[in-house]
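Listed below are the residues making up each chain.
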Amino acid sequence: MNVGLVLEGGAMRGLYTAGVLDTFMDNGIKADTVIGTSAGVLFGVNYASGQRGRALRYNKKYAPKGCYMGIRSLLTTGNIINRKFAYYDLPSKLDIFDEEAYEKSGVAFYATVTNVETGEAEYIQITDCFRQMEVMRATSAMPYVSKIVEYDGKKYLDGGIADSIPVDKCLEMGCDKVIVVLTRPLAYRKGKTDPRLANLLYGKKYPKAAERINNRYAEYNACVEKIIEMENRGEIFVIRPSRTVKVKHIERNTDKLQAIYDLGAADCLDRLDDLRNYLGSIDVDRKSADMI
(Lines give C-alpha, C1' and ligand atoms only; values in the text may rest on other atoms or scores of the structure.)
Protein backbone atom coordinates (compact mmCIF):
# COMPACT_ATOMS: atom_id res chain seq x y z
CA MET A 1 0.00 0.00 0.00
CA ASN A 2 1.42 3.37 -1.07
CA VAL A 3 0.26 6.37 0.94
CA GLY A 4 0.54 9.70 -0.85
CA LEU A 5 0.62 13.12 0.75
CA VAL A 6 -0.23 16.29 -1.22
CA LEU A 7 0.81 19.64 0.26
CA GLU A 8 -0.65 22.91 -1.00
CA GLY A 9 1.49 26.05 -0.90
CA GLY A 10 0.51 29.48 0.35
CA ALA A 11 3.69 31.20 1.57
CA MET A 12 3.41 31.72 5.33
CA ARG A 13 0.02 30.01 5.40
CA GLY A 14 2.19 26.94 4.92
CA LEU A 15 2.78 26.96 8.67
CA TYR A 16 -0.70 25.45 8.89
CA THR A 17 0.76 22.50 7.01
CA ALA A 18 3.73 22.47 9.38
CA GLY A 19 1.31 22.10 12.30
CA VAL A 20 -0.41 19.19 10.58
CA LEU A 21 2.86 17.44 9.71
CA ASP A 22 4.30 17.83 13.19
CA THR A 23 1.13 16.21 14.51
CA PHE A 24 1.60 13.40 11.98
CA MET A 25 5.08 12.84 13.39
CA ASP A 26 3.74 12.84 16.95
CA ASN A 27 1.22 10.15 16.02
CA GLY A 28 3.19 7.94 13.66
CA ILE A 29 1.33 8.90 10.46
CA LYS A 30 3.69 8.03 7.62
CA ALA A 31 3.46 8.76 3.90
CA ASP A 32 5.46 6.93 1.26
CA THR A 33 5.18 9.59 -1.44
CA VAL A 34 4.97 13.35 -0.87
CA ILE A 35 4.28 15.89 -3.58
CA GLY A 36 4.13 19.56 -2.69
CA THR A 37 3.99 23.02 -4.12
CA SER A 38 5.85 26.10 -2.91
CA ALA A 39 5.68 26.35 0.91
CA GLY A 40 4.33 22.81 0.96
CA VAL A 41 7.77 21.73 -0.25
CA LEU A 42 9.83 24.11 1.88
CA PHE A 43 8.10 23.12 5.10
CA GLY A 44 7.24 19.57 4.07
CA VAL A 45 10.83 18.38 3.76
CA ASN A 46 11.06 18.59 7.56
CA TYR A 47 8.44 15.83 7.73
CA ALA A 48 10.69 13.54 5.72
CA SER A 49 13.75 14.45 7.81
CA GLY A 50 11.80 13.98 11.05
CA GLN A 51 12.60 17.50 12.29
CA ARG A 52 9.53 18.26 14.32
CA GLY A 53 9.08 21.98 15.06
CA ARG A 54 11.83 23.18 12.75
CA ALA A 55 9.61 25.09 10.30
CA LEU A 56 7.83 27.00 13.08
CA ARG A 57 11.06 27.64 14.97
CA TYR A 58 13.07 29.27 12.22
CA ASN A 59 10.15 31.20 10.78
CA LYS A 60 9.28 32.73 14.14
CA LYS A 61 12.92 33.60 14.72
CA TYR A 62 13.73 35.13 11.34
CA ALA A 63 10.44 36.29 9.77
CA PRO A 64 10.53 39.62 11.65
CA LYS A 65 14.00 40.33 10.27
CA GLY A 66 14.60 42.02 6.94
CA CYS A 67 17.45 39.67 6.08
CA TYR A 68 14.96 36.85 5.49
CA MET A 69 12.27 38.34 3.29
CA GLY A 70 10.52 41.55 2.38
CA ILE A 71 10.74 44.72 0.33
CA ARG A 72 14.41 45.28 1.13
CA SER A 73 15.33 41.93 -0.35
CA LEU A 74 13.08 42.55 -3.36
CA LEU A 75 14.69 45.90 -4.10
CA THR A 76 18.27 44.73 -3.60
CA THR A 77 18.13 41.22 -5.06
CA GLY A 78 14.99 41.01 -7.18
CA ASN A 79 13.57 38.30 -4.89
CA ILE A 80 11.16 38.99 -2.06
CA ILE A 81 12.55 35.89 -0.31
CA ASN A 82 16.28 36.43 0.09
CA ARG A 83 18.03 33.70 -1.88
CA LYS A 84 21.29 33.53 0.05
CA PHE A 85 19.81 33.82 3.53
CA ALA A 86 16.65 31.71 3.21
CA TYR A 87 17.91 28.91 0.99
CA TYR A 88 21.58 28.64 1.82
CA ASP A 89 22.59 30.29 5.11
CA LEU A 90 19.54 29.22 7.09
CA PRO A 91 19.45 25.44 6.34
CA SER A 92 23.22 24.97 6.30
CA LYS A 93 24.29 27.19 9.23
CA LEU A 94 21.51 28.79 11.28
CA ASP A 95 18.93 26.01 11.68
CA ILE A 96 20.55 23.02 10.05
CA PHE A 97 18.45 20.74 7.87
CA ASP A 98 19.16 17.06 8.51
CA GLU A 99 19.97 15.87 4.99
CA GLU A 100 21.17 12.48 6.20
CA ALA A 101 17.87 11.73 7.92
CA TYR A 102 15.97 12.97 4.87
CA GLU A 103 17.83 10.60 2.57
CA LYS A 104 17.37 7.66 4.94
CA SER A 105 13.63 8.25 5.33
CA GLY A 106 12.68 6.33 2.21
CA VAL A 107 10.09 9.01 1.37
CA ALA A 108 9.80 9.83 -2.34
CA PHE A 109 9.50 13.61 -2.24
CA TYR A 110 8.53 15.72 -5.27
CA ALA A 111 8.46 19.47 -5.86
CA THR A 112 6.02 20.99 -8.33
CA VAL A 113 7.45 23.73 -10.56
CA THR A 114 6.05 25.72 -13.49
CA ASN A 115 8.07 25.78 -16.69
CA VAL A 116 7.65 29.38 -17.88
CA GLU A 117 8.39 28.50 -21.49
CA THR A 118 5.76 25.76 -21.79
CA GLY A 119 3.39 26.97 -19.07
CA GLU A 120 3.16 23.39 -17.82
CA ALA A 121 3.78 21.88 -14.41
CA GLU A 122 6.79 19.64 -13.89
CA TYR A 123 7.44 17.41 -10.90
CA ILE A 124 11.05 17.02 -9.79
CA GLN A 125 12.03 14.43 -7.21
CA ILE A 126 14.15 15.91 -4.43
CA THR A 127 16.79 13.33 -3.55
CA ASP A 128 19.30 15.80 -2.07
CA CYS A 129 17.88 19.06 -0.73
CA PHE A 130 21.18 20.88 -0.62
CA ARG A 131 22.26 19.91 -4.10
CA GLN A 132 18.80 20.66 -5.45
CA MET A 133 18.24 23.88 -3.54
CA GLU A 134 17.47 25.73 -6.76
CA VAL A 135 14.50 23.40 -7.26
CA MET A 136 13.33 24.40 -3.78
CA ARG A 137 13.66 28.02 -4.84
CA ALA A 138 11.87 27.40 -8.11
CA THR A 139 8.80 25.79 -6.56
CA SER A 140 8.38 28.83 -4.29
CA ALA A 141 9.40 31.62 -6.71
CA MET A 142 6.24 33.71 -6.56
CA PRO A 143 5.48 35.54 -9.80
CA TYR A 144 6.04 39.31 -9.92
CA VAL A 145 8.27 39.33 -6.83
CA SER A 146 10.81 36.63 -7.75
CA LYS A 147 13.34 36.17 -10.49
CA ILE A 148 12.87 33.23 -12.80
CA VAL A 149 14.95 30.30 -11.54
CA GLU A 150 17.07 28.31 -13.97
CA TYR A 151 17.69 24.65 -13.24
CA ASP A 152 18.97 21.91 -15.51
CA GLY A 153 18.67 24.16 -18.56
CA LYS A 154 15.04 25.10 -17.92
CA LYS A 155 13.33 28.20 -16.51
CA TYR A 156 10.87 27.94 -13.67
CA LEU A 157 8.54 29.86 -11.38
CA ASP A 158 6.22 28.87 -8.53
CA GLY A 159 4.64 25.46 -9.03
CA GLY A 160 1.30 26.84 -7.88
CA ILE A 161 0.91 28.67 -11.17
CA ALA A 162 0.34 25.44 -13.08
CA ASP A 163 -0.69 22.96 -10.35
CA SER A 164 -1.53 24.40 -6.96
CA ILE A 165 -2.79 21.12 -5.49
CA PRO A 166 -1.22 18.18 -7.38
CA VAL A 167 -3.74 15.50 -6.42
CA ASP A 168 -4.03 14.09 -9.93
CA LYS A 169 -0.26 13.71 -10.17
CA CYS A 170 -0.16 11.90 -6.84
CA LEU A 171 -2.76 9.41 -8.05
CA GLU A 172 -0.92 9.06 -11.35
CA MET A 173 2.17 8.05 -9.35
CA GLY A 174 0.27 5.03 -8.09
CA CYS A 175 -0.70 6.09 -4.58
CA ASP A 176 -3.51 3.96 -3.17
CA LYS A 177 -4.44 6.34 -0.37
CA VAL A 178 -4.03 10.11 -0.68
CA ILE A 179 -3.97 12.65 2.14
CA VAL A 180 -4.35 16.26 1.02
CA VAL A 181 -3.37 19.18 3.25
CA LEU A 182 -4.87 22.47 2.12
CA THR A 183 -4.11 25.94 3.47
CA ARG A 184 -7.48 27.55 2.69
CA PRO A 185 -10.87 26.88 4.36
CA LEU A 186 -13.63 24.96 2.59
CA ALA A 187 -15.47 28.05 1.29
CA TYR A 188 -12.44 29.78 -0.21
CA ARG A 189 -12.31 30.39 -3.96
CA LYS A 190 -9.86 32.55 -5.88
CA GLY A 191 -11.11 35.68 -7.59
CA LYS A 192 -10.21 36.71 -11.11
CA THR A 193 -7.19 38.98 -11.35
CA ASP A 194 -6.39 41.79 -13.77
CA PRO A 195 -4.41 40.18 -16.61
CA ARG A 196 -2.42 43.28 -17.49
CA LEU A 197 0.42 42.78 -15.04
CA ALA A 198 1.16 39.20 -16.09
CA ASN A 199 0.92 40.23 -19.74
CA LEU A 200 3.28 43.13 -19.14
CA LEU A 201 5.92 41.19 -17.21
CA TYR A 202 5.75 37.81 -18.93
CA GLY A 203 3.52 38.07 -21.99
CA LYS A 204 6.10 39.00 -24.60
CA LYS A 205 8.81 36.48 -23.69
CA TYR A 206 6.78 33.82 -21.89
CA PRO A 207 3.21 34.06 -23.23
CA LYS A 208 2.24 30.57 -22.02
CA ALA A 209 3.27 31.45 -18.47
CA ALA A 210 1.29 34.69 -18.63
CA GLU A 211 -1.76 32.82 -19.85
CA ARG A 212 -1.40 30.28 -17.05
CA ILE A 213 -1.07 33.01 -14.42
CA ASN A 214 -4.18 34.75 -15.72
CA ASN A 215 -6.19 31.50 -15.75
CA ARG A 216 -4.94 30.31 -12.40
CA TYR A 217 -8.05 31.39 -10.51
CA ALA A 218 -10.31 29.24 -12.70
CA GLU A 219 -8.00 26.22 -12.60
CA TYR A 220 -7.59 26.50 -8.85
CA ASN A 221 -11.32 26.75 -8.22
CA ALA A 222 -12.03 23.78 -10.49
CA CYS A 223 -9.40 21.76 -8.63
CA VAL A 224 -10.97 22.62 -5.27
CA GLU A 225 -14.39 21.50 -6.51
CA LYS A 226 -12.91 18.24 -7.77
CA ILE A 227 -11.18 17.65 -4.43
CA ILE A 228 -14.47 18.15 -2.58
CA GLU A 229 -16.17 15.62 -4.84
CA MET A 230 -13.37 13.08 -4.36
CA GLU A 231 -13.42 13.67 -0.61
CA ASN A 232 -17.19 13.10 -0.45
CA ARG A 233 -16.75 9.81 -2.30
CA GLY A 234 -14.08 8.72 0.18
CA GLU A 235 -11.38 8.58 -2.48
CA ILE A 236 -9.04 10.99 -0.70
CA PHE A 237 -8.69 12.40 2.82
CA VAL A 238 -8.52 16.17 3.22
CA ILE A 239 -7.31 18.31 6.11
CA ARG A 240 -8.04 22.02 5.68
CA PRO A 241 -8.29 25.05 8.00
CA SER A 242 -11.48 24.91 10.06
CA ARG A 243 -11.52 28.70 10.19
CA THR A 244 -9.78 31.65 8.60
CA VAL A 245 -6.59 32.98 10.17
CA LYS A 246 -5.46 36.12 8.37
CA VAL A 247 -1.81 35.59 7.54
CA LYS A 248 0.01 37.63 4.90
CA HIS A 249 2.23 35.99 2.30
CA ILE A 250 5.14 37.81 3.93
CA GLU A 251 4.00 37.70 7.54
CA ARG A 252 6.23 39.14 10.27
CA ASN A 253 3.84 38.88 13.21
CA THR A 254 5.01 35.85 15.17
CA ASP A 255 1.72 35.56 17.05
CA LYS A 256 -0.08 35.04 13.73
CA LEU A 257 2.51 32.49 12.64
CA GLN A 258 1.99 30.59 15.87
CA ALA A 259 -1.79 30.83 15.48
CA ILE A 260 -1.89 29.31 11.99
CA TYR A 261 0.51 26.55 13.09
CA ASP A 262 -1.61 25.81 16.17
CA LEU A 263 -4.73 25.63 14.01
CA GLY A 264 -3.06 23.05 11.78
CA ALA A 265 -2.09 20.94 14.78
CA ALA A 266 -5.57 21.20 16.34
CA ASP A 267 -7.41 20.43 13.08
CA CYS A 268 -5.21 17.41 12.53
CA LEU A 269 -5.83 16.08 16.03
CA ASP A 270 -9.58 16.50 15.52
CA ARG A 271 -9.42 14.38 12.36
CA LEU A 272 -6.91 11.79 13.56
CA ASP A 273 -9.38 8.97 14.18
CA ASP A 274 -11.05 9.61 10.82
CA LEU A 275 -7.65 9.57 9.14
CA ARG A 276 -6.76 6.25 10.75
CA ASN A 277 -10.07 4.80 9.58
CA TYR A 278 -9.38 6.04 6.04
CA LEU A 279 -5.93 4.49 6.01
CA GLY A 280 -7.52 1.27 7.17
CA SER A 281 -5.14 -1.66 7.39
CA ILE A 282 -2.02 0.46 7.02
CA ASP A 283 0.11 0.40 10.13
CA VAL A 284 -0.07 4.07 11.11
CA ASP A 285 1.53 3.37 14.46
CA ARG A 286 4.95 2.61 13.03
CA LYS A 287 7.74 3.93 15.17
CA SER A 288 8.86 7.47 14.29
CA ALA A 289 12.36 6.01 13.92
CA ASP A 290 11.12 4.26 10.77
CA MET A 291 10.66 7.70 9.21
CA ILE A 292 14.26 8.81 9.53
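Going by the structure above, here's the rest.
Definitions and limits used
- Residues numbered from 1 in each chain as written.
- Predicted model: local features only at pLDDT ≥ 70, side-chain atom pairs only at ≥ 80, totals over all residues.
- Heavy atoms only, no water.
- Helix = DSSP H or I, 4+ residues; strand = E, 2+ residues; numbered from the N terminus.
- Buried < 20%, exposed > 50% of the residue type's maximum accessible area, 1.4 Å probe, protein only.
- Polar contact = N/O pair within 3.5 Å; in protein donor to acceptor, adjacent residues only side chain to side chain.
- Contact = heavy atoms within 4.5 Å.
- Salt bridge = Lys/Arg side-chain N within 4 Å of Asp/Glu carboxyl O.
- 1 Å grid on protein atoms, 1.4 Å probe; cavity = no way out; pocket = protein on both sides within 12 Å on 5 of 7 lines; lining within 4 Å.
- Points joined across faces, edges and corners; volume = space filled by probe spheres on them.
- Nonpolar A, V, L, I, M, F, W, Y, C, P; charged D, E, K, R; others polar.
- Pairing = 2+ DSSP bridges.
- Right-handed = clockwise from strand over helix to strand, strands pointing away.

Okay, the environment of A187 next. Assignment of secondary structure puts A187 in the loop between β7 (177-181) and α9 (196-203). With a relative accessible area of 70%, A187 lands in the exposed category. Spatially, the C-alpha atom of A187 lies 9.8 Å from that of R243, the residues being 56 residues apart in sequence.

As a further point, take the side chain of R54. Summarising the element assignment, R54 is placed in helix α3 (residues 54-62). From its side chain, R54 meets the backbone oxygen of D95 in a polar contact 2.7 Å long. Leave out the neighbours within four places in its chain, and R54 touches N46, L90, P91, D95, I96 and F97.

Close approach of charged atoms allows side chains of opposite charge to pair. For the structure shown, the criterion picks out 20 salt bridges. Across the pair D128 and R131 runs a salt bridge, and its minimum N-O distance is 3.7 Å. Across the pair R271 and D274 runs a salt bridge, and its minimum N-O distance is 3.6 Å. Of the two residues, R271 and D274 both sit in helix α11 (residues 254-279), three residues apart, roughly one turn of that helix. Taking relative accessible area as the criterion, R271 reaches 27% and is therefore assigned partly exposed. Connected through shared salt-bridge partners, R54, R57 and D95 make up one network.

The calculated volume of the largest pocket comes to roughly 570 Å³. In terms of lining residues, the largest pocket is bounded by 24 residues, among which P143, D158, K190, R216 and H249 are the most central. For the lining of the largest pocket, the element with the most residues is helix α10 (residues 207-232), which contributes four residues. Of the residues that constitute the lining of the largest pocket, the class distribution is nine nonpolar, nine polar and six charged.

Positioned with a positive phi, A11 is a non-glycine residue whose angle comes to about 55°. Position of A11 relative to the elements: it lies in the loop between β1 (3-7) and α1 (14-26). Notably, Y144 is not glycine yet its phi reads approximately 80°, a positive angle. Secondary-structure assignment places Y144 in the loop between α7 (133-139) and β5 (149-151).

Let's shift gears to the pairing of β1. Taken across its five residues, β1 has five buried, putting it largely inside the fold. Burial along β1 is two-sided: V3, L5 and L7 and G4 and V6, pointing in opposite directions, are all buried. Pairing of β1 with β7 involves five bridges; the strand directions are parallel. Bridged to L7 within β7 is V181. Looking at chain direction, β1 and strand β2 (residues 33-37) are connected through four bridges and run parallel. Its bridge partner being in β2, L7 is matched across the sheet by G36. For the crossover from β1 across α1 to β2, the handedness is right-handed.

By themselves, these observations are geometric and do not establish any function.
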